[in-house]
Amino acid sequence: MSAFRIAVPAAIERVVLTGAVGLLAAAAWAVLWSADANIHGILHAHGRTGIGPPFRFSTIMMFVAAWTGMSVAMMLPTCLPVLTTLHTFARERVDRLLLIVLAALGYLAAWTAAGAFVGPVSLGLQEAMAFPAGPRWLDRAMAPTLLLVAGLFQFSALKYRCLEKCRSPLSVVLSYWQGRHQRWQAFRLGWASGVFCVGCCWALMLLMLVSSVGHLAWMLVLGLVMAVEKNVRWGRRLSTPVGVVLLVCAGVVLIAGGERGLFWTMAQEFCGAK
């Protein structure tokens with residue numbers, strides 16, 4: 001297809017693109033708000049002995065759908081720099097909007113793939129915790145373990161390498177945009193951007209599985225933290241304080257949980273206490 005330029009200022013198209021991503025994210029937030037209780041039940045069933053989502057294909061698909069909806073609401077706006085950079089490179093093409101859509105789909109495909117991996121693991125653990133004769137400490141271990149993993153990952157080299165990629169949209173586009181097979185390359189650069197995003201944010205996203213906090217306020221806090229880390233100039237400085245806070249929270253939940261704490265529950269079970 002021959003390429004020609006439509007007489008629409010590039011700045012206006014970028015504003016429209018930003019507005020479209022914002023509207024899509026807002027629509028996802030609205031869906032999540034209307035289905036908050038159902039999504040909470042799909043993501044985790046902690047503390048409900050004998051009750052849990054059945055481990056079957058349909059439930060896994062529901063988990064992946066809920067995870068993808070959260071990705072649209074929380075993560076899609078953070079890939080806007082990649083989309084606007086691609087728009088700059090493709091602004092002479094008549095199919096530039098299609099290319100941007102393909103890049104966005106590639107980005108979301110990476111997060112959906114992550115959800116497809118997390119879903120069976122999470123639902124399998126939920127089923128084990130919901131079993132009446134199962135170990136109670138497994139349920140108590142979920143929150144401190146996720147907080148500990150997320151806190152430690154904030155200091156990892158992988159976190160910072162992926163953050164550098166996320167904070168350099170131009171390098172991502174230059175790496176995957178070579179002027180041939182543009183539609184495939186648009187999807188592939190979106191996928192690559194999504195993989196880097198998953199690489200730096202997966203541990204924080206897993207905090208959505210923490211018991212009793214799988215609601216919109218918690219999602220909003222996590223989304224803001226990840227957006228600032230990725231897209232704000234001083235965002236990298238936020239990683240260390242967030243890591244410290246998460247490690248402190250893990251210690252508080254682990255040690256100071258009273259009779260609901262992990263140490264107390266394990267002591268009761270291993271010592272045969274009731």
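Note that this is a predicted model, so its numbers are computed, not measured.

(A) Here's a closer look at the overall build of the chain. Helix and strand counts for the chain stand at 12 helices and zero strands. For the chain, the proportion of its 274 residues judged to be buried stands at 45%. In the chain, of all internal contacts separated by at least 6 residues, the share reaching a separation of at least 24 is 80%. If you sum the accessible surface of the chain, you get close to 13,700 Å²; carbon and sulfur atoms cover 72% of it.

(B) The confidence of the model for the chain, seen in detail. Within the chain, residue pLDDT values average 81, and 77% of them lie at 70 or more. Segment residues 266-274: pLDDT under 50, and eight contacts once partners within four positions in sequence are set aside and those in other chains are kept.

(C) Examining the environment of L158 more closely. Here L158 is to be found in helix α7 (residues 157-166). Placed 38 residues apart in sequence, L158 and F196 show a C-alpha to C-alpha distance of 9.7 Å. Excluding anything up to four places from it in sequence, L158 contacts F153 and G199.

(D) How the structure looks around the layout of surface pockets. Size it by volume and the second largest pocket reaches roughly 290 Å³. Lining the second largest pocket we find 14 residues, and of these F117, V118, W202, L206 and L209 sit closest to its centre. Of all the elements in the fold, those that place two or more residues in the lining of the second largest pocket are α5 (96-130), α6 (136-153) and α9 (182-206). Top contributing element to the lining of the second largest pocket by residue count: α5, with seven residues. The residue inventory of the lining of the second largest pocket, partitioned by class, reads 13 nonpolar, one polar and no charged.

(E) Region of the structure containing helix α3 (residues 57-74). With 18 residues, α3 should reach 26 Å at 1.5 Å per residue; the first-to-last C-alpha distance of 25 Å fits that figure. Within α3 the residues assigned to the buried category are T59, I60, F63, V64, A66, W67, M70, S71, V72, A73 and M74.

(F) A look at the nonpolar core. Grouped together as the largest cluster of nonpolar side chains are 64 residues, with contacts concentrated most on W67, M75, W111 and L207. If you tally residues by element for this core, the top one is α5, at 11 residues. When sequence neighbours within four positions are dropped, the list of residues in contact with W67 reads W111, A114, G115, V118, M205 and L206.

(G) Structural view of helix α8 (residues 169-176). Inspection of α8 places P169, V172 and V173 among the buried residues, and these make up the whole buried set. Viewed along the axis of α8, the buried residues span an arc of 95°, placing them on a single side of the element.

Parameters and conventions
- Residues numbered from 1 in each chain as written.
- Predicted model: local features only at pLDDT ≥ 70, side-chain atom pairs only at ≥ 80, totals over all residues.
- Heavy atoms only, no water.
- Helix = DSSP H or I, 4+ residues; strand = E, 2+ residues; numbered from the N terminus.
- Buried < 20%, exposed > 50% of the residue type's maximum accessible area, 1.4 Å probe, protein only.
- Contact = heavy atoms within 4.5 Å.
- Areas by Shrake-Rupley, 256 points an atom, 1.4 Å probe, with all protein chains shown as cover.
- pLDDT = per-residue confidence, 0-100.
- 1 Å grid on protein atoms, 1.4 Å probe; cavity = no way out; pocket = protein on both sides within 12 Å on 5 of 7 lines; lining within 4 Å.
- Points joined across faces, edges and corners; volume = space filled by probe spheres on them.
- Nonpolar A, V, L, I, M, F, W, Y, C, P; charged D, E, K, R; others polar.
- Expected span 1.5 Å × (residues − 1).
- Core = buried A, V, L, I, M, F, W, Y, C linked by side-chain atoms within 4.5 Å.
- Arc of directions from axis to C-beta.

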